[in-house]
Amino acid sequence: MQLDPFAGHHGAKILLAQCQARFLNPLMDLPFNIANHLDAALRVAAGKLSLLERGFQPEVRVADPANGDFQANGALAFAKREKQNPRALAQQIVDLLGDLSADFELTLAGPGFINFRLKPDALLRWLQIYDSEQHLQSGAASARRGQTWIVDYSSPNTAKQMHVGHLRSAVIGEALCRLLVFSGAKVIRDNHIGDWGTQFGKLIWAYKRHLDPAALAADPLEEFERLYKFGNHAAEADPAVLTQAQQELVQLQGGDATNLAIWQKINDVSLAAFQVIYDQLGIKFDYTLGESFYNDKVARVYQELTASGLATESQGALVVFHPEHPRFKTQPFLIRKKDGAANYASSDLATALYRSENFQADGVAYVIDFRQSDHMDQLFLTTKKWFEQTRRPLPQLEHVDFGTVLGEDNKPLKTRNGENIRLKDLLHEARERAFQLVSSKNPDFPEAERRAIADVVGVASVQYADLSQNRSSDYVFTWEKMISLEGNTAAYLLYAVARIRSIFRKAGFDPAQPPVSGATAPATAAEIMLARKLVKFSDAVQLATNNLRPHFLSLYLYELAGDYSSFYAADKVIVDDPALRARRLLLCHRTLTVLETGLHLLGLRTDLARM
RNA sequence: GCGCCCGUAGCUCAAUUGGAUAGAGCAUCUGGCUUCGAACCAGAGGGUCGGGAGUUCGAAUCUCUCCGGGCGCACCA
């Protein structure tokens, strides 16, 4: 906890009040997450009424601002179960919450809602404590301390360009990593690339016969993609080619030095190209353990699953059925093909084992699109039974699924000639469009600065368009909506950031060290609205993290930026009255801090002074 | 055929997982820049939450049933 040593008379009174409060009741301190604080207080009260042993849950949540800051709904469900009068029960609880009245206005509403509204002095205190990204994090980091999470995301196939289909996994996955880190978990970022597929037979066939060295030097991935298509067409047209391609694959898998070298080169080039994309998206993997890595680890899977009786032979293949499941009792989980080769189920099972043994993972989040939910369900079911039989700890397995990126015709987004849009091109166009816009708004900025701003705004817009939406649904991708920069967009949030920086710049203050001592409690309607929003940052983070849904945080940040804009329009910051100015500078600074912290959690850059 | 997901304002999307009068943006209309950045703000209109039935203090959310749309379902990953 930090207190401003230069706080004036008012600050001293607050300090005194805090000390007294802590002496009388430790719950009176204001922690990072106020909802949890209220939850604890309600449990104490419910304990005195002997409600806890009968299953009382406080059910504290953020309230509609019209009703208060937080509300506790637990009395309703409890009274219903116990056939009591909910309002009378809520009143009994409220009567025991006297200590909270120093910081909150408590009211009873409707059939038994308990409403909590933070008093301005309490708002001020919270704002004084949580004054930096570090302090916000230290407040949040207790939630998942000690947990290890593996996030399996992005996972493109090598020898191919990344395209729009790879966008969501990368963007959502990175945001989840950052959210989990923020809440105290150890996070392992694992790029489970597809580097051992059957595409290599045709590709190596074409590489050996039709390689264009100049094209390879200019843009290797482009050339590999051309070669793959060439090989694919040739194999379709001529069975002899297909046979040769299959032969190349057999040689590769048999460890042939030439083919392995080609394969290695393809992977190296692919990973380098991926990294160019990842750099723009702020992604850095801890591990890139693709399918090839598990090549020699699948035999153990076959052996263990067969020995345990989970896997059986069927039509020549090794499969797992789940008799208790309505569908998977007949729909097999195919873990080894009839030709003896591994498939993605084999390597996914081997991966689950490896992660359990080597990383002691408490949780694994698979950021993979919804079309693979059958596969994920079968994988999780099989892993669960397998680990139980072998007495291994089972990590929490989460399929973080997401919908398809659609074009304006409501079909999966493609180029005009029906090809997938490359991520490289998409990000380039985003930056280009942002540059045009920045240039039209601020033609007087130097070009280099306009470029730098466009790089931030353009990429952030693409990321945010994805993260601001519930991942479960498909979403329609339109440049119009994304780059026109109105409404719930990255640009709107970054504009708020730029305007706050502008105030500090114009007033000659260091944004890191604003003169906020002597700040008084928020008082105007806009100030109070903004302060009330700021203290709910932790709830948004918690909601986003617990549900593995970043859009909860996006929505919060958008509302925060909106409240700031209203405040900015209503209340002038740089005024003569020192206490009033300090108060408003404090609000500006904390808004900047929370906005940047939140945007960083989503994986966006915020490094622009103006835009 | 079996199963999963979805259907909310003209359009694009929310709704803290069963809570209070279903909210935003775009578009439309009205007002606000000699005052810290108007990429902004204030306000207005716009809804049988796909239809119907049920569960209960309370349903967009849960159950059933229709109607529409998307996606999976034996050797691609």
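Preceding block: the structure.
Rules behind the numbers
- Residues numbered from 1 in each chain as written.
- Chains lettered and ligands numbered in written order.
- Predicted model: local features only at pLDDT ≥ 70, side-chain atom pairs only at ≥ 80, totals over all residues.
- Heavy atoms only, no water.
- Helix = DSSP H or I, 4+ residues; strand = E, 2+ residues; numbered from the N terminus.
- Buried < 20%, exposed > 50% of the residue type's maximum accessible area, 1.4 Å probe, protein only.
- Areas by Shrake-Rupley, 256 points an atom, 1.4 Å probe, with all protein chains shown as cover.
- Near = heavy atom within 4 Å.
- Polar contact = N/O pair within 3.5 Å; in protein donor to acceptor, adjacent residues only side chain to side chain.
- Nonpolar A, V, L, I, M, F, W, Y, C, P; charged D, E, K, R; others polar.
- Contact = heavy atoms within 4.5 Å.
- Expected span 1.5 Å × (residues − 1).
- Axes fitted to C-alpha atoms, helices over the stretch in contact; angles between N-to-C directions.
- Parallel < 35°, antiparallel > 145°, perpendicular 65-115°, else oblique.
- Left-handed = near helix turned anticlockwise from the far one by under 90°.
- Patch = residues over 30% accessible without salt bridge, like charges linked within 9 Å, V, L, I, M, F, W, Y side chains within 5 Å.
- Salt bridge = Lys/Arg side-chain N within 4 Å of Asp/Glu carboxyl O.
- Lys, Arg positive; Asp, Glu negative; His and termini not counted.
- Charge placed at Lys NZ, Arg CZ, Asp CG, Glu CD.
- Pairing = 2+ DSSP bridges.
- Right-handed = clockwise from strand over helix to strand, strands pointing away.
- Core = buried A, V, L, I, M, F, W, Y, C linked by side-chain atoms within 4.5 Å.

## Comments concerning the overall build of chain A
And then number 1: In terms of regular secondary structure, chain A is built from 23 helices and 13 strands.
And then number 2: Its C-alpha atoms put chain A at 90 × 65 × 40 Å along the principal axes.
And then number 3: Per-residue burial for chain A yields a buried fraction of 52% across its 611 residues.
And then number 4: As displayed, chain A has an accessible area near 26800 Å², and 53% of this comes from carbon and sulfur atoms.

## Notes on the protein's contact with RNA strand B
And then number 1: Among the 68 residues in the neighbourhood of RNA strand B, the closest are listed as Asn115, Glu291, Lys481, Tyr492 and Lys506.
And then number 2: The contact atoms of RNA strand B, taken as those within 4 Å of the protein, divide so that sugar and phosphate hold 56%.
And then number 3: Gln71 is positioned with one of its side-chain polar atoms (N or O) 3.0 Å from a base nitrogen of RNA strand B.
And then number 4: Within the backbone of Asn470, a nitrogen or oxygen atom sits 2.8 Å from a phosphate oxygen of RNA strand B.
And then number 5: Listing elements by their share of the surface near RNA strand B, those giving two or more residues are β1 (60-62), α3 (74-82), β4 (113-118), β8 (317-320), α16 (423-441), β13 (475-476), α19 (490-507) and α22 (551-570).
And then number 6: Ranked by the residues each element gives to the surface near RNA strand B, the list is headed by α22, at eight residues.
And then number 7: The class makeup of the residues in the surface near RNA strand B is 30 nonpolar, 20 polar and 18 charged.

## Brief notes about the side chain of Ser538
And then number 1: Checked against the element boundaries, Ser538 lands in helix α21 (residues 537-546).
And then number 2: Ignoring anything within four residues of it in the chain, the contact list for Ser538 reads Phe32, Asn33 and Ile34.

## Quick word on helix α8 (residues 199-210)
And then number 1: Taking 1.5 Å as the rise per residue, α8 with 12 residues should run 16 Å; its terminal C-alpha atoms sit 16 Å apart, in good agreement.
And then number 2: By the burial criterion, the buried members of α8 are Gln199, Phe200, Gly201, Leu203, Ile204, Trp205, Ala206 and Tyr207.
And then number 3: In this structure, the buried residues of α8 make contact with α9 (213-218), α10 (220-237), α11 (239-253) and α12 (257-281).

## Points about the packing of helix α5 (residues 120-129) against helix α20 (residues 525-534)
And then number 1: Close contact between α5 and α20 brings their axes to 10 Å; oriented N to C, the two are set at 55 degrees. Here α5 is positioned oblique relative to α20, judged by the angle of their axes. The chirality of how α5 crosses α20 is left-handed. Residues Leu123, Trp126 and Leu127 of α5 touch α20, and the partners they reach there are Ile528, Ala531, Arg532 and Leu534.

## Details of a negative patch on the surface
And then number 1: Negative charge collects at one region of the surface, where Glu408, Asp409, Glu480 and Glu486 lie side by side.
And then number 2: In this fold, Glu408 is placed in the loop between β12 (405-406) and α16.

## Side note on the pairing of strand β11 (residues 396-400)
Successive side chains on a regular strand alternate, one facing one side of the sheet and the next facing the other.
And then number 1: Across five bridges, the pairing between strand β10 (residues 363-367) and β11 is parallel. Bridge pairing links Ala365 to Glu398 in β11.
And then number 2: Remark: the β10/helix α15 (residues 373-389)/β11 crossover connection has right-handed handedness.

## Considerations on the sheet that holds strand β5 (residues 148-152)
Whenever strands of a sheet pair, they do so through backbone hydrogen bonds, lying parallel or antiparallel.
And then number 1: Spatially, the four strands line up as an open sheet ordered β6-β5-β10-β11, and their pairing is parallel. Two strands in the sheet have a free side with no partner beyond their single neighbour: β6 (186-190) and β11. Put simply, the sheet's adjacent strands are angled 20 degrees from each other on average, direction ignored.
And then number 2: Bridge analysis of β5 against β6 gives five bridges, and the strand direction is parallel. Considered in β6, the bridge of Thr148 is made with Lys186.
And then number 3: Sitting on the sheet, helix α14 (residues 344-359) touches β5, β6 and β10, and the angle it makes with β5 is about 150 degrees.

## Structural notes on the nonpolar core
And then number 1: If you look at the biggest cluster of nonpolar residues, it comprises 135 residues, and the most contacted ones within it are Phe116, Phe537 and Leu553.
And then number 2: Apart from the residues lying within four places of it in its own chain, the contact partners of Phe537 are Phe32, Leu136, Phe182, Leu553, Tyr556, Val594, Thr597, Gly598 and Leu601.
And then number 3: In this structure, Tyr294, Met376, Phe380 and Leu397 belong to the second largest nonpolar core, which totals 31 residues.

## Considering the environment of Asp466
And then number 1: Note on placement: Asp466 falls in helix α17 (residues 447-467).
And then number 2: Since its relative accessible area comes to 1%, Asp466 is described here as buried.
And then number 3: Remark: the alpha-carbon pair of Asp466 and Val476, spanning 10 residues in sequence, is separated by 9.8 Å.
And then number 4: The contact partners of Asp466, leaving out residues within four places of it in the chain, are Leu167, Arg168, Val171, Ile172 and Tyr475.

## Structural notes on the pattern of salt bridges
Think of it this way: side chains of opposite charge can pair up when their charged atoms draw near.
And then number 1: Tallied over the entire structure, the rule returns 41 salt bridges.
And then number 2: Across the pair Arg61 and Glu59 runs a salt bridge whose closest N-O atoms are separated by 3.5 Å.
And then number 3: Residue classification places Glu59 among the partly exposed positions, given a relative accessible area of 29%.
And then number 4: Across the pair Asp401 and Arg471 runs a salt bridge, and its minimum N-O distance is 3.1 Å. Of this pair, Asp401 sits in the loop between β11 and β12 while Arg471 sits in the loop between α17 and β13; the two residues are 70 residues apart in sequence, bridging distant segments of the chain.
And then number 5: Since its relative accessible area comes to 21%, Asp401 is described here as partly exposed.

## Considerations on the sheet that holds β1
And then number 1: The sheet built from four strands is open, its strands ordered β1-β2-β4-β3 with antiparallel pairing. Two strands bound the open sheet, and with one partner strand each, they are β1 and β3 (104-109). Averaged over neighbouring strand pairs, the angle between their axes works out to 25 degrees when direction is ignored.
And then number 2: Across three bridges, β1 lies against strand β2 (residues 70-72) in antiparallel orientation. Within the sheet, the bridge partner assigned to Arg61 lies in β2 and is Gln71.

## Comments concerning the pairing of β10
And then number 1: Counting buried positions along β10 gives five out of five residues, so the element sits mostly inside the fold.
And then number 2: Side chains Gly363, Ala365 and Val367 project from β10 onto one buried face, and the interleaved Val364 and Tyr366 project onto a second face that is buried too.
And then number 3: The pairing of β5 with β10 spans four bridges and is classified as parallel. Bridging from a neighbouring strand, Ile150 pairs with Val364 of β10.

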